[in-house]
Amino acid sequence: MDNLHNVIGWFYSKVPSLLSGLLDDFPKDIFKFVGGVFIDRAYFYIKKKFQPQLLLIGATPGDKWTVYFGNIPLVDFKKRVVAAEESASKQYIYGDIESTLLVSEIFCSWFDAAPIYSRFSPEPDKLKNIVISVGGPKWNKITEFLIGALGSPVKFKDGPNNKGVFLKIKGFENKIEYKETEENNVKNISDVGVIIIGKGTALKDKIKAKSVCVVTGYSVYGVRLAAEYLKMIKLEPKKYGINKIKEHSKICLLIKGNISIDENGEVMPLPLINEENIVKIYEDDFLDPYPYRY
């Protein structure tokens, strides 16, 4: 019993100093908490308001977004396949997978949350939020639909002696030919990356999404050039004209460049894309919408 009295006496002797310490630290902890919340809120507000890269597509970091990418069957590289129409057991090679990964990495650094990824094509009226479509219309039906709905100054042609990107502005057509050469086991590709963006009034009733961005090209290498340009925008947004681009509701960017592939099929380090190789087209020079078919 004496031991119990000793413990109780010791406890009561320590309570005043314990309470004093808590009362001393409590205001400091509250201040730190409130200050931390304020700083976090201020940071996210500034990020939302002044994120220059997302102004490119009229989005904010908190928006939900979906990345659509195409695919082709393993057994036939020429046949176009829409994933929703095929058996889930079929083996596929995913088109433009490197560019899809690169585009996703870039946009993930701008948005607060990761995207939904899909190779299946919903009905056009099911598209919502921010839509990113990677790959050409040959095997990406979302790209095909978006190009048709927005209207496009760009067409792709795939004839034996007539292949590449065709740019048509105000009735005048300009051909940017796809070229492929090989020297010392290194393949050199000359192609054009294409980025088509629609937002706000450009979408109207055709597309329910908030904004759309198509990253495409004549070949997978053209798509890679477009993705590389987005990476440059990520690093130096002002240098590549974001302030001018963001003012328009409909934009088409053409990125002319060359890609080299070594004997192992790996893309060699890309040369810097110069500003003079970028063609910027705004809504006034778009064709009227037409149903695009590859």
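In case you missed it, the structure is sitting above this.
What counts, and at which threshold
Residues numbered from 1 in each chain as written. Predicted model: local features only at pLDDT ≥ 70, side-chain atom pairs only at ≥ 80, totals over all residues. Heavy atoms only, no water. Helix = DSSP H or I, 4+ residues; strand = E, 2+ residues; numbered from the N terminus. Buried < 20%, exposed > 50% of the residue type's maximum accessible area, 1.4 Å probe, protein only. Contact = heavy atoms within 4.5 Å. Areas by Shrake-Rupley, 256 points an atom, 1.4 Å probe, with all protein chains shown as cover. Core = buried A, V, L, I, M, F, W, Y, C linked by side-chain atoms within 4.5 Å. Pairing = 2+ DSSP bridges. Phe/Tyr/Trp six-rings, centres within 6.5 Å; stacked < 30°, edge-to-face > 60°. Polar contact = N/O pair within 3.5 Å; in protein donor to acceptor, adjacent residues only side chain to side chain. Patch = residues over 30% accessible without salt bridge, like charges linked within 9 Å, V, L, I, M, F, W, Y side chains within 5 Å. Salt bridge = Lys/Arg side-chain N within 4 Å of Asp/Glu carboxyl O. Lys, Arg positive; Asp, Glu negative; His and termini not counted. Charge placed at Lys NZ, Arg CZ, Asp CG, Glu CD. Axes fitted to C-alpha atoms, helices over the stretch in contact; angles between N-to-C directions.

**Student:** For this particular structure, what's the right way to read the overall build of the protein chain?
**Tutor:** Secondary structure summary: the protein chain contains six helices and 13 strands in total. The 294 residues of the protein chain split such that 42% are buried. Partitioning the intrachain contacts of the protein chain with sequence separation of at least 6 by distance along the chain shows that 72% fall at a separation of at least 24. In the form shown here, the protein chain has an accessible surface area of approximately 16,900 Å², with 56% of it arising from carbon and sulfur atoms.

**Student:** When you look at the nonpolar core in this model, what are you seeing that I'm missing?
**Tutor:** Grouped burial of nonpolar side chains is what soluble globular proteins tend to show. Counting 34 residues, the largest nonpolar core has Ile57, Phe107, Ile132 and Ile195 as its most contacted members. With seven residues, helix α5 (residues 220-235) is the largest single contributor of residues to this core.

**Student:** It is not clear to me how the pairing of strand β1 (residues 65-69) should be interpreted in this structure. Could you clarify?
**Tutor:** Along a regular strand, successive side chains alternate from one face of the sheet to the other. Along β1, five of the five residues are buried, which leaves the element largely enclosed by surrounding structure. Residues Trp65, Val67 and Phe69 line one face of β1 and the alternating positions Thr66 and Tyr68 line the opposite face, and both faces are buried. Both β1 and strand β4 (residues 116-118) contribute to a ladder of three bridges, which runs parallel. Paired with tyrosine 68 across the bridge in β4 is serine 118.

**Student:** What am I meant to see in the packing of aromatic side chains here?
**Tutor:** Given two aromatic rings, their pairing is described by the distance between the two centres and the angle made by the two planes. A full pass over the atoms with the stated rule returns five aromatic pairs. When the ring of tryptophan 65 is compared with that of phenylalanine 107, the centres are 6.0 Å apart and the planes differ by 45 degrees; the resulting orientation is tilted. Of this pair, tryptophan 65 sits in strand β1 while phenylalanine 107 is found in helix α3 (residues 97-108), placing the two residues 42 residues apart along the sequence. On the basis of relative accessible area, phenylalanine 107 is assigned to the buried category, the value being 0%.

**Student:** When you look at helix α4 (residues 141-150) in this model, what are you seeing that I'm missing?
**Tutor:** Each α-helix winds once per 3.6 residues, and so residues spaced three or four apart point in a common direction. In terms of burial, α4 is a largely internal element, eight of the ten residues being buried. By the burial criterion, the buried members of α4 are Ile142, Thr143, Glu144, Leu146, Ile147, Gly148, Ala149 and Leu150. The secondary structure elements touched by the buried residues of α4 are β1, β5 (130-134), β10 (186-199), β11 (211-217) and β12 (250-261). N-capping of α4 is provided by asparagine 140, with a side-chain oxygen placed 3.1 Å from the backbone N of isoleucine 142. Of the residues one or two after α4, glycine 151 is the one with positive phi, at around 80 degrees.

**Student:** Help me understand a positive patch on the surface in this model?
**Tutor:** A contiguous patch of positive charge on the surface is contributed by Lys155, Lys157, Lys168 and Lys175. Tracing the backbone shows lysine 175 in strand β8 (residues 172-177).

**Student:** It is not clear to me how the pattern of salt bridges should be interpreted in this structure. Could you clarify?
**Tutor:** Side-chain pairs of opposite charge can arise whenever the charged atoms involved come near each other. Enumeration according to the criterion identifies five salt bridges in this entry. Among the salt bridges present, the one from lysine 187 reaches glutamate 180, with a minimum N-O distance of 3.5 Å. A salt bridge links glutamate 228 to lysine 231, with the nearest nitrogen and oxygen atoms 3.2 Å apart. With glutamate 228 and lysine 231 both in helix α5 and three residues apart, the pair spans about one turn of that helix.

**Student:** Looking at this structure, how should I read the sheet that holds strand β7 (residues 162-169)?
**Tutor:** Within a beta sheet, neighbouring strands are joined by backbone hydrogen bonds and run either parallel or antiparallel to one another. With respect to topology, three strands assemble into an open sheet ordered β6-β7-β8, the strand pairing being antiparallel. Of all the strands in the sheet, just β6 (154-159) and β8 have a single pairing partner and so form its edges. Strand after strand, the sheet turns through a mean of 30 degrees between neighbouring axes, direction not considered. Alignment of β6 against β7, held across six bridges, turns out to be antiparallel. Across the sheet, lysine 157 pairs through a bridge with glycine 164, a residue of β7.

**Student:** Any chance you could explain the side chain of serine 249 here in plain terms?
**Tutor:** Within the element layout of this structure, serine 249 appears in the loop between α6 (242-245) and β12. A relative accessible area of 18% places serine 249 in the buried class.

**Student:** I'm lost on unusual backbone geometry in this one. Help?
**Tutor:** Backbone phi values are negative for most residues with the exception of glycine, while trans is the configuration of most peptide bonds. One non-glycine residue, asparagine 129, lies in positive phi territory at about 60 degrees. Positive phi is not limited to glycine here, since asparagine 184 has a value of about 55 degrees. Assessed through its relative accessible area of 69%, asparagine 184 is described here as exposed.

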